[in-house]
Structure formats: structure tokens, C-alpha cells
Amino acid sequence: MITALLNTLTQAVPLPRDLPLPLPLPEWLLVFLLVFSFLLHILFVNLMLGGAILTLWAELKGKKEKGYNLLAREIANTITVNKSLAVVIGVAPLLSINVLYTIYFYSANTLTGIMWISIVPLVTVAFLLIYLHKYTWERFEGKKNFHIGIMALAVLILLFVPFIFLTNINLMLFPQKWVAVKGFFSAMWMANVIPRYLHFLCASLAVTGLFLFGYMKRRKYIFNDLLPGFDKSAILKKWYHVAMGATLLQLALGPLNLFTLPWFAVTWGLGYIVITGVILALIAIYFMWRELKGPGEKLGRLFYPIALILTLVVLLMGTGRHIYRAVALAPHRQKMEQKTQKYLEMIRSLKEEKKEVNETGSPVIDQK
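Attention here is on the structure that accompanies the text.

Our focus in this paragraph is the packing of helix H3 (residues 67-89) against helix H10 (residues 193-218). Between H3 and H10, whose axes approach to 12 Å, the crossing angle comes to 110°. Classified by the interaxial angle, the pair formed by H3 and H10 is roughly perpendicular. Residues Leu71, Glu74, Ile75, Thr78 and Asn82 of H3 form the contact with H10, whose participating residues are Phe211, Leu212, Tyr215 and Met216. Along the lines of polarity and charge, the residues of the contact of H3 with H10 split into six nonpolar, two polar and one charged.

Of note, Met317 is situated in helix H14 (residues 303-360). Accessibility expressed as a relative area gives 31% for Met317, which makes it partly exposed. Taking the C-alpha atoms as reference, Met317 lies 29 Å from Asp18; in sequence the two are 299 residues apart. Among all residues touching Met317, those that are not within four sequence positions of it are Ile273, Val274 and Gly277.

A word on the nonpolar core. Formed by 95 residues in total, the largest nonpolar core has its most connected members in Met172, Trp239, Tyr240, Ile306 and Tyr324. Top element by residues in this core is helix H8 (residues 144-171). It accounts for 13 residues. Not counting residues within four places of it along the chain, the set of residues in contact with Tyr324 comprises Leu173, Phe174, Leu261, Pro262, Ala265, Val266 and Leu270.

This part covers the packing of aromatic side chains. Here the structure, examined in full by the defined rule, presents 20 aromatic pairs. On the numbers, 5.6 Å between centres and 90° between planes, the contact of Phe105 with Trp116 is edge-to-face. With Phe105 in helix H5 (residues 102-111) and Trp116 in helix H6 (residues 113-117), this pair connects stretches of sequence that are 11 residues apart. Assessed through its relative accessible area of 19%, Trp116 is described here as buried. With centroids separated by 6.4 Å and ring planes inclined at 0°, the aromatic side chains of Tyr131 and Tyr135 adopt a geometry described as stacked. Ring pairing ties together the aromatic residues Phe105, Tyr106, Trp116 and Phe165, which thus form one cluster. Across the ring face of Tyr68, the terminal group of Lys61 is positioned such that the distance to the ring centre comes to 5.2 Å.

Parameters at a glance
Residues numbered from 1 in each chain as written. Predicted model: local features only at pLDDT ≥ 70, side-chain atom pairs only at ≥ 80, totals over all residues. Heavy atoms only, no water. Axes fitted to C-alpha atoms, helices over the stretch in contact; angles between N-to-C directions. Helix = DSSP H or I, 4+ residues; strand = E, 2+ residues; numbered from the N terminus. Parallel < 35°, antiparallel > 145°, perpendicular 65-115°, else oblique. Contact = heavy atoms within 4.5 Å. Nonpolar A, V, L, I, M, F, W, Y, C, P; charged D, E, K, R; others polar. Buried < 20%, exposed > 50% of the residue type's maximum accessible area, 1.4 Å probe, protein only. Core = buried A, V, L, I, M, F, W, Y, C linked by side-chain atoms within 4.5 Å. Phe/Tyr/Trp six-rings, centres within 6.5 Å; stacked < 30°, edge-to-face > 60°. Lys NZ or Arg CZ within 6 Å of the ring centre and 35° of its normal.

Structure, rendered in C-alpha cells:
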């Protein structure tokens, strides 16, 4: 055990040379695009995953209460739209992180190799299953278990894919751990991948619950034409319960997510951001509780304040995550920059020597 510990402590931190290429945009603008576009992308990812989970839940419940089949179908109609938006908007943060953190992002991709590449076929299969589920309600009406199985398989895939993304994004933050990584599954257990995944899962349910409340509150005809027999207030309150319960869980998972991060990159500024986010989340929970306890005819009067407060929480969390990433990578980036400068100086020196030899007419010896 002592030998293993010494080997770990004495392992050299990989220090590759950076790419000496200019950024296509100012760095501050790329950082803004990365944070903003990622948050927008993850919003629709949350809605896609949360919608799939709640569709599966409603259809399972519909085996005993037939009305829930109609509810499941209505939720399922939102999944494909949110999926398309998630995919399209996801291009911007992917390009931004490639440009800003090229060495780190591609190193993490290489270390998790096969699993990273498998994202494309996995999401392709999941999306095809979602479309198959959406357009076969009547065809598989008498084969309900099979129809439910289609969505269950899609949900399982969608639940696994974030593990790959989170493992990679987490791994790129800690170059000192690259030499110890033996593939995807060894990287998955590093640092705070699991707490961050649970935090993401709760966020998906919280966002989707709030979205479905606003979606069904606004589309009043749903309950008359598409969901006959349902009590409007009861269904709307159900979505508030989902959003409030998931947000309450996040109050525990958020600090756990922070405490499981390596502390060398945790700053006071990040701590203030987390505390502010917790306070705002508590206010949103209180407002949802007031909505649930209030009369049904006034349900929704605090919806926009709740949505605004939770939006601020998301912005704070996204900003805090970037601050941690910047601080965690700063020492390594500085050393890598020094190594890159030495390399460029060596290249310039060799070019000057070669030029001098050519000007004097002496033969040039090509040394590889």
C-alpha cells in the first residue's frame, strides 16, 4: 500500500505542448459563448431526459388507469422537439470547448476512447426508439408492454450517455490523474462524477416538472380535448410536486457535488455563488409550496417568479462550474505555456542557425 501511494505521488504530470494557433475570437467572448450555449443546450437535454422518464412513468401507470396513457402521449409529444433543439444547440458549446481547452478535451476523449466514440451510435438508437414509440401508439395498443419496453430502452440509453459526457468533462480538469486512467470505467469513479450525475438527473426532473406545468397551464384545451376526465388542478399540482421534490433533493446533492471536488481549485467566490444559489432555490421551493397550498383557481400566479429564480440558479451554477474549471487548469496551463514558449524559441533558434549557414555558403546538415 505504501509503495502504491509513493508511485502515485511520484507520477509525472503529463505536460504536452500547446497548439501555437491564434483564437478565432477574443477569449472572453468564447468563454461567454461556452457558458451560455452550454446552459441553453443542457436545458433542452434536461427536458428531453425528464420528458422521457415522465412519459415512461405515466404509461406504466396507464396500465391500471387508462387516462394516464393520454397523459403519457401528450408528454411524449414534447420529447422529439426538445431533442432536436438539444442536438442543434449542442454544437456551439462543443466547438467552444474544443477551441478553449483543446489539449484537455481531446486528451480526455482519447483516454475514454471507445466509450466516447460510442456516444454517436447510442444517441442514434435512443432517438430512433423515441420516434418509434411516438408513432406507434395505435399499432401497439394491444401490445402495451412492448410499447412501454421501447421507451424503457430509450430511457436507459439516455440515462447512460450523460455518464460518458460527465466523465470526460471531469477528467479534462485533472491532468495529474491522466497517467492513472485505464479507460472509461476507471475515470468514471474519479472525483465527483457520480454526485454530479445525480445532480444533473434531479435538475432534469425539476426543469421538466416546471416546463410541463407551464405547457399544460397555457394550453387550456388539453384538458377538454386531449385529457378528458382529468382534474386540471390535480395534474398541474403534480408537476409542481415533481419540480419541488427534485429541487429539494438538489439542495443536498449540490453541496455534495461541491464537497467531492478536489479542494485545491475551490475559491471563496465559488463558495459565495453556491450559497447564493441555495438561498434562491429555497425561495423557489417556498413559492411552489405556497402555490400547492393555495386555491386551485389561483394556481400559476407565482409560476414566472419561480421560473425566473430557478433560471438565476442555473446561471450561477454554470458560472461557478466555469470558475472551478479555470482555476483547476490554471497552473497546468501556465506550465504548458512555458513549455510551448521554450519549444518555439528552440525552433526559432534552429531556423536562425540554418539561415546563417545558408548565407555563409556552408553545407547544411539535415539532422533528424
